[in-house]
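The primary structure of each chain is shown beneath.
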Amino acid sequence: MSGKLVIGNWKMNTRGDGARELAAALLADSATNREGVGIAAPAVYLSDLARQLAGGRLALAAQDVSRFAADGAYTGETSASMLADVGCRYTLVGHSERRQYFGEDNAALLAKMRNAAAAGVTPVLCVGETLAEREAGRHLAVIADQLAILTEIAGDGYVIAYEPVWAIGTGKVATLEQIAEIHAFIKNWCLQNTDGSDKIRVLYGGSVKAENAEAILATKNVDGALVGGASLDADSFRVICQAAGNMI
Ligand code: PEP
């Protein structure tokens with residue numbers, strides 16, 4: 001495993017000019033324009049950004065991928081081979097916002113994981129519990145259930161992101177103890193249930209910011225970060241990526 005991976009999730013934000021400006025700032029900085037850093041931009045801007053990032057080292061990522069593999073009558077969908085075609089190296093799969101607003105379930109997510117991997121786009125499977133599930137003491141069972149699709153996938157060509165739903169966009173960060181506990185649980189689960197052994201990277205996501213990135217990234221079994229809000233600000237994202245880069 002080589003270094004920590006940091007991916008910025010822009011979600012449904014930016015317009016063309018803003019996306020280009022943000023990408024230009026990241027390209028101009030060696031802390032962000034390097035292997036191990038990626039940006040998950042809105043689908044409509046991916047091609048444009050791919051042209052802008054060409055020659056740089058910053059990776060392009062999508063926020064979602066279709067569960068349908070072949071071209072066809074799937075209005076509104078973006079296939080894995082389209083993502084590969086425009087140069088995406090990663091795609092998020094099963095972000096909690098997609099699970100919540102679009103009802104994505106394990107069957108759809110397994111298809112998405114398979115399609116992405118088959119097209120050469122590394123899927124980043126997002127898992128995490130809601131506050132109610134944590135308070136009911138069900139968080140480990142919920143996460144294990146979300147991870148279960150990995151038993152259907154051969155090899156280790158994917159990344160996992162642990163994102164407690166209650167910490168996403170709320171400013172509430174899981175404690176370092178909570179992060180360490182869940183990351184150890186996920187790594188152990190992978191060791192026991194997949195053939196990916198210890199090569200599978202597990203990122204943390206949930207209100208990662210310039211101020212807390214170093215401590216989170218230094219936590220045992222944290223192989224990087226998935227960053228939402230703070231990735232829309234080049235300075236904040238740079239500080240997070242710099243903290244990750246210092247730990248290579
Ligand atoms: C995310 O969107 O994956 C995320 C972690 O968001 P935020 O950093 O804003 O909590």
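Residues numbered from 1 in each chain as written. Predicted model: local features only at pLDDT ≥ 70, side-chain atom pairs only at ≥ 80, totals over all residues. Heavy atoms only, no water.

J.: Quick question: what am I supposed to make of the packing of aromatic side chains here?
T.: For any pair of aromatic rings, the description consists of the separation of the ring centres together with the inter-plane angle of the planes. All chains considered together, the criterion is met by 2 aromatic pairs. Residues F68 and Y74 carry aromatic rings whose centres are separated by 3.9 Å and whose planes lie at 10 degrees to one another, so their mutual orientation is stacked. According to the relative accessible area criterion, F68 is partly exposed, its value standing at 26%. The ring of F102 carries R98 above its face, with NZ or CZ at 3.9 Å from the centroid. (Phe/Tyr/Trp six-rings, centres within 6.5 Å; stacked < 30°, edge-to-face > 60°. Buried < 20%, exposed > 50% of the residue type's maximum accessible area, 1.4 Å probe, protein only. Lys NZ or Arg CZ within 6 Å of the ring centre and 35° of its normal.)

J.: Sorry, what's going on with the nonpolar core here?
T.: Ranked by internal contacts, the top residues of the largest apolar core, which has 61 residues, are L150, I160, I186 and Y204. With 6 residues, helix α10 (residues 234–245) is the largest single contributor of residues to this core. For Y204, the residues in contact, after removing those within four places along its chain, are Y162, P164, A167, V173, A174, I179, H183, I216, V222, G224, A225 and L226. With 13 residues, the next largest nonpolar core counts I7, A61, L203 and L226 among its residues. (Core = buried A, V, L, I, M, F, W, Y, C linked by side-chain atoms within 4.5 Å. Helix = DSSP H or I, 4+ residues; strand = E, 2+ residues; numbered from the N terminus. Contact = heavy atoms within 4.5 Å.)

J.: Please clarify how helix α2 (residues 46–53) should be interpreted in this entry.
T.: One full turn of an α-helix is made of 3.6 residues, so residues set three or four places apart face in the same direction. Looking only at α2, the buried set comprises L46, L49 and L53. Projected onto a plane normal to the axis of α2, the buried residues spread over an arc of 65 degrees and lie on a single side. Residues of α2 that are buried make contact with α1 (16–27), β2 (37–40), β3 (59–62) and α3 (80–85). Trailing α2 by a residue or two, G55 shows a phi angle of about 90 degrees, which is positive. (Arc of directions from axis to C-beta.)

Honestly, that's just the spatial picture; any functional story needs more than this.
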